[in-house]
Amino acid sequence: MRTNLLPAFLVLTVMMVALWLMGMPFLQALTISTAVKIAMVMLELRRSPG
C-alpha cells in the first residue's frame with residue numbers, strides 16, 4: 001500500500017513546486033486536491049480484488 005503512495009506523492013510534489021514557481025497558488029491548491037482525490041480512488045480500486 002505505502003509503495004503505491006510514493007509515486008503519487010512524488011508527482012504531487014513536482015506539480016506543486018512547478019505551479020508554486022509559476023506563482024499560481026489557487027491553481028496549485030486545485031491541482032493538489034484533484035490529484036489527491038484521484039490517488040485515493042485508484043488506491044480504493046486496487047484495494048478491492050476484482
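If you're wondering where the values come from, they're calculated on a predicted model, not measured in any experiment. (Residues numbered from 1 in each chain as written. Predicted model: local features only at pLDDT ≥ 70, side-chain atom pairs only at ≥ 80, totals over all residues. Heavy atoms only, no water.)

**Points about the overall build of the chain**
Regarding its fold elements, the chain presents 2 helices and 0 strands. The buried share of the chain, reckoned over its 50 residues, is 12%. In the form shown here, the chain has an accessible surface area of approximately 4300 Å², with 77% of it arising from carbon and sulfur atoms. (Helix = DSSP H or I, 4+ residues; strand = E, 2+ residues; numbered from the N terminus. Buried < 20%, exposed > 50% of the residue type's maximum accessible area, 1.4 Å probe, protein only. Areas by Shrake-Rupley, 256 points an atom, 1.4 Å probe, with all protein chains shown as cover.)

**What about a nonpolar patch on the surface?**
Taken together, the side chains of Met22, Met24, Phe26, Leu27 and Leu30 make up a nonpolar region of the molecular surface, amounting to roughly 500 Å² of accessible area. Of all the elements, helix H2 (residues 25-47) adds the most residues to the nonpolar patch, at 3 residues. Residue placement: Met24 occurs in the loop between helix H1 (2-22) and H2. Classification of Met24 as partly exposed rests on a relative accessible area of 31%. (Patch = residues over 30% accessible without salt bridge, like charges linked within 9 Å, V, L, I, M, F, W, Y side chains within 5 Å. Salt bridge = Lys/Arg side-chain N within 4 Å of Asp/Glu carboxyl O.)

**A look at H2**
Over its 23 residues, H2 runs 32 Å from end to end, which matches the ideal 33 Å to within 8%, given 1.5 Å per residue. Of all the positions in H2, only Gln28, Ala35, Ala39 and Leu43 are classed as buried. (Expected span 1.5 Å × (residues − 1).)

Everything listed here is a matter of coordinates, which is why it stays silent on function.
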